[in-house]
Amino acid sequence: MKKRITLVLSIFMLISCAELQGVINELPNQTGIDNNTIASGLRQALDFGIDKQVTKLTQEDGFYKNQLVKILLPEELQKVDRTLRDIGLGSLADEGLKVMNRAAEDAVKEATPIFVDAVRGITFNDAKNILLGNDRAATSYLEGRTRQALYAKFNPVIQNSFSKVGADQIWTNIINQYNAIPFVNQVNPDLTDYVTGEALDGVFTMISVEEKNIRTKINSRTTNLLRQVFALQD
């Protein structure tokens, strides 16, 4: 008898799952919203992420005082930081950390059009499943398809920003002072590469913040398109 009950329940669950998937597959048809409209809604959500959240990163301390995205020292420089503080050069260590974040803030300001163009140019081949995905599904989709190209465009902007905010000179001074300490292992990290990656992480993190808001807070859907499209995932 127990085996029969288990068999019946299993069949019921399979049927239920099949019916649920059928509902998902038919969702746009039932609501009259096609894949292109859903894709437009996803792009608008990402645009809002850039407009409302990424622009916060371009302000002074936009990275440095935002614990979600603050750029910390790479592992190979953490020993530099500790050593400088141990010998009374804590203010120099603080300044080195701050200028890394300043470079990212300056670079994001210069590179925001790059992210806007990336959103406009992205093609959502499976917009419906992205819409019904997790709280940062659209952001992850954008990142997966644009990060490599964005890195290539963003890296020289970071390099220029390092010079613009004086980070290159400050870090040259830091490294030289550290390397002059007896018995330490010399360091010469590629900070441009490191800060580029960290800045990109910060941008995508902030875009995902707005995507989550739009997905979970109805009052964040401030346009008819957002209300129409994201109602499907409620």
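Note that the structure is predicted; figures quoted are calculated from it, not measured.

Novice: Could you give me a rundown of the side chain of Ser220, with the residues and numbers involved?
Specialist: Relative to the helices and strands, Ser220 resides in the loop between helix H8 (191-216) and helix H9 (224-230). The class for Ser220 is buried, based on a relative accessible area of 12%. Setting aside residues no more than four positions away along its own chain, Ser220 makes contact with Asn213, Ile214 and Leu226.

Novice: Mind laying out the pattern of salt bridges, listing which residues take part and the relevant values?
Specialist: Opposite charge on two side chains lets them pair, provided their charged atoms get close. Counted under the stated rule, the structure contains 14 salt bridges. For Asp61, the salt bridge identified is with Lys65, shortest N-O distance 3.6 Å. Here the salt bridges do not stand alone but share partners, grouping Glu60, Asp61, Lys65, Arg102 and Glu105 into one network.

Novice: I'd like a description of the side chain of Arg215, backed by residues and values.
Specialist: Tracing the chain through its elements places Arg215 in helix H8. Judged by its relative accessible area of 3%, Arg215 falls in the buried class. Residues contacting Arg215, with those up to four places away along its chain left out, are Ile130, Leu131, Gly133, Asn134, Asp135, Ala137, Ala138, Arg221, Phe230, Gln233 and Asp234.

Novice: Pulling in residues and values, what's your account of the confidence of the model for the protein chain?
Specialist: When pLDDT is averaged along the protein chain, the result is 85, and 85% of the positions lie at 70 or above. Taken element by element, the predicted model of the protein chain shows its lowest mean pLDDT in helix H1 (residues 2-31) (43) and its highest in H9 (96). In this model, residues 1-24 is a region of pLDDT below 50 whose contacts with residues beyond four sequence positions or in other chains number two contacts. Overall, residues 26-30 carries pLDDT values under 50, and its contacts beyond four positions in sequence, including any with other chains, amount to five contacts.

About the thresholds
- Residues numbered from 1 in each chain as written.
- Predicted model: local features only at pLDDT ≥ 70, side-chain atom pairs only at ≥ 80, totals over all residues.
- Heavy atoms only, no water.
- Helix = DSSP H or I, 4+ residues; strand = E, 2+ residues; numbered from the N terminus.
- Buried < 20%, exposed > 50% of the residue type's maximum accessible area, 1.4 Å probe, protein only.
- Contact = heavy atoms within 4.5 Å.
- Salt bridge = Lys/Arg side-chain N within 4 Å of Asp/Glu carboxyl O.
- pLDDT = per-residue confidence, 0-100.

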